[in-house]
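Summary of structural features
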Amino acid sequence: TAPVLIDTSTDPERHAMMFVLPGSVYGSDAARVPTPTNQKVSIKEMPERLVAVRTFSGVIRHKPAAENLALLLADVESDGRYDVVRAADGSPRWQAAGYNSPFVLPWLRTNEVLLEVVEGKK
């Protein structure tokens, strides 16, 4: 499934991968999703959210994702129309998303950083 979301915001050495299941197949009811056979896998419904996005190519790793996040943060803050949603520790809430198979050449891959935002200045 695409995209594969990678939560790289907490620890650059360890991250959680999240597979987005299509609503056209499963609807919005997590109970319709098949039960995972691996106990390390869990099903979780994600609430709707507003995100700012920056696209980049290459291998999706913490360093290039963090570099693109810094550029996106600067763009959002200079635009002034949105506030960045932050975690309790003050860090921005963000994820990286990859859209291609690992067999696609790195310079042909499409990746994104997703920064959670809210409308309007606080």
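Residues numbered from 1 in each chain as written. Predicted model: local features only at pLDDT ≥ 70, side-chain atom pairs only at ≥ 80, totals over all residues. Heavy atoms only, no water.

1. Some thoughts on the layout of surface pockets
- Size it by volume and the largest pocket reaches roughly 1400 Å³.
- Taken together, 40 residues form the lining of the largest pocket, with Leu5, Met18, Phe19, Lys44 and Met46 sitting closest to its centre.
- Secondary-structure elements contributing two or more residues to the lining of the largest pocket are β1 (4-11), β2 (14-19), α1 (23-26), β5 (94-98) and β6 (111-119).
- Each residue belonging to the lining of the largest pocket can be placed in one class, and the counts come to 23 nonpolar, 8 polar and 9 charged. (1 Å grid on protein atoms, 1.4 Å probe; cavity = no way out; pocket = protein on both sides within 12 Å on 5 of 7 lines; lining within 4 Å. Points joined across faces, edges and corners; volume = space filled by probe spheres on them. Helix = DSSP H or I, 4+ residues; strand = E, 2+ residues; numbered from the N terminus. Nonpolar A, V, L, I, M, F, W, Y, C, P; charged D, E, K, R; others polar.)

2. Concerning the side chain of Glu116
- Locating Glu116 in the fold gives a position in strand β6.
- The buried category is assigned to Glu116, whose relative accessible area is 13%. (Buried < 20%, exposed > 50% of the residue type's maximum accessible area, 1.4 Å probe, protein only.)

3. Points about the confidence of the model for the protein chain
- For the protein chain, the mean per-residue pLDDT works out to 86, and 90% of the residues sit at or above 70.
- Of all helices and strands in the protein chain, the one with the weakest mean pLDDT is β1 (68), whereas strand β3 (residues 50-56) scores best (96). (pLDDT = per-residue confidence, 0-100.)

4. Focus: a nonpolar patch on the surface
- On the surface, Leu105, Trp107 and Leu108 cluster together to form a nonpolar patch covering roughly 370 Å² of accessible area.
- Take Leu105: it is sitting in the loop between β5 and β6.
- Among the residues examined, Leu105 registers a relative accessible area of 42% and is labelled partly exposed. (Patch = residues over 30% accessible without salt bridge, like charges linked within 9 Å, V, L, I, M, F, W, Y side chains within 5 Å. Areas by Shrake-Rupley, 256 points an atom, 1.4 Å probe, with all protein chains shown as cover. Salt bridge = Lys/Arg side-chain N within 4 Å of Asp/Glu carboxyl O.)

5. Section: the pairing of β5
- Burial analysis of β5 places 5 of its 5 residues in the buried class, the great majority of the element.
- Of the two faces of β5, the one lined by Trp94, Ala96 and Gly98 and the one lined by Gln95 and Ala97 are each fully buried.
- Sheet topology note: the β5/β6 ladder contains 5 bridges and is antiparallel. Its bridge partner lying in β6, Gly98 is registered against Asn111. (Pairing = 2+ DSSP bridges.)

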